[in-house]
Amino acid sequence: MYQIETDRLIIRPIQATDYNELREIILDPIVVKYTRYREVKTPDDFSDIFKNHFLNNASTFGIEIKVSHELIGFYEFHAEDKTGILTYALAQNSWGKGYVAEVGKAMMSYSFENLNFDRIEAHYASLNPRSGKVMAKMGMQDLGSIDTFEVPETGEIHQVMAYVLTKDDWLIKSQQKRAI
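**Q** So what about the pattern of salt bridges? Which residues, and what values?
**A** Scanning the model with the defined rule gives six salt bridges in all. Notably, a salt bridge pairs Glu-5 with Lys-66, separated by 3.4 Å at the nearest N-O pair. Of the two residues, Glu-5 is situated in strand S1 (residues 4-5) and Lys-66 in the loop between strand S3 (60-65) and strand S4 (71-80); the sequence distance between them amounts to 61 residues. Between Arg-8 and Glu-102 there is a salt bridge, with its nearest N and O atoms 2.6 Å apart. With Arg-8 in the loop between S1 and strand S2 (9-13) and Glu-102 in helix H3 (residues 99-113), this pair connects stretches of sequence that are 94 residues apart.

**Q** How would you explain the sheet that holds strand S8 (residues 157-166) if you had to name every residue and give the values?
**A** Strand order in the open sheet formed by eight strands is S1-S2-S3-S4-S5-S6-S8-S7, and the pairing between neighbours is mixed. The strands lining the two open edges of the sheet, one partner per strand, are S1 and strand S7 (141-150). Lying on the sheet, H3 is in contact with S1, S2, S3, S4, strand S5 (83-90), strand S6 (119-125) and S8; it crosses S4 at an angle near 35°.

**Q** Account for helix H4 (residues 129-137), with residues named and values stated.
**A** Ser-131, Gly-132 and Met-135 are the residues of H4 that are buried. Taken end-on, H4 shows its buried residues confined to a sector of 100°, consistent with a single buried face. The exposed residues of H4 that point more than 90 degrees off its buried face are Lys-133 and Lys-137. Buried residues in H4 make contact with S5, S6 and S8.

**Q** Could you give me a rundown of the packing of helix H1 (residues 19-26) against helix H2 (residues 43-54), with the residues and numbers involved?
**A** In a packed pair of helices, the relevant descriptors are the angle between the two axes and the axis-to-axis distance. One can describe the packing of H1 onto H2 by two numbers: an axis separation of 10 Å at closest approach and a directional angle of 120°. One way to sum up the angle between H1 and H2 is to call them oblique. Regarding H1 and H2, the two cross each other, and that crossing is right-handed. Residues Tyr-19, Leu-22, Arg-23 and Ile-26 of H1 form the contact with H2, whose participating residues are Pro-43, Phe-46, Ser-47, Ile-49, Phe-50 and Phe-54.

Rules behind the numbers
Note that residues are indexed from 1 along each chain, following the sequence as it is written. Reporting of local features is limited, given that this is a predicted model, to residues whose pLDDT is at least 70; pairs of side-chain atoms are given and counted only at 80 or more, and all residues count toward the totals for whole chains, interfaces and linings. As a rule here, side-chain values come from all non-hydrogen atoms in the structure, and water together with hydrogens is ignored. A side-chain nitrogen of Lys or Arg and a carboxyl oxygen of Asp or Glu constitute a salt bridge if their distance falls within 4 Å. In this text, helices come from DSSP runs of H or I with a minimum length of four residues, and strands from runs of E with a minimum of two, each type numbered from the N-terminal end. Pairing between two strands is assigned when DSSP locates at least 2 bridges connecting them. Here a residue-residue contact requires only that any non-hydrogen atoms of the pair lie within 4.5 Å. In this description, a line fitted to the C-alpha atoms serves as the axis of each element, helices being fitted only across the stretch in contact, and the angle between N-to-C directions of two axes falls anywhere from 0 to 180 degrees. Categorising residues by exposure relies on relative accessible area from a 1.4 Å probe, with only protein chains included: less than 20% of the type maximum marks a residue as buried, more than 50% marks it as exposed, and the intermediate range marks it as partly exposed. The reported arc concerns the directions from the helix axis to the C-beta atoms and nothing else. Note that the term roughly parallel is reserved for angles under 35 degrees, roughly antiparallel for angles over 145, roughly perpendicular for angles of 65 to 115, and oblique for everything else. A clockwise turn of the near helix away from the far one marks a right-handed crossing, whereas an anticlockwise turn of less than a right angle marks a left-handed crossing.

So this is what it looks like as structure tokens:
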């Protein structure tokens, strides 16, 4: 993948030099609390996934601040047939600045044009409604609740919420933007 630039960010492949910054993000239990990486708890666990997943993966991208060249997070698609399941995480000091929506708008076209997905899905825990708002800002449509899960520490039952964007909907929105 070549790199993609937005107003404030560079979206690019994960590099070996990202190891320490990405390790801090992934090993922060608050950052990964609702992601597939919540079970990565030790430096050895991280080392394994860094080597075997984050490096040389055509659908995993680092998010870098353009001015400082600091890696602040990652954005990735896990393929399930022609659907890309979206996962993202940002370092806590980068929350609330609109970075994920900014990356998402750029990456939707990349995912449809270069990764050949017909559909992008993103899931979030009902405990984390801010993620749903970000997904809406990326142009995705609310699917509502698709599952439930139990929080191990408390025994509470919560909802798994989902958003989706299809290639057809993305094409229509892209054409409408060009017409304006």
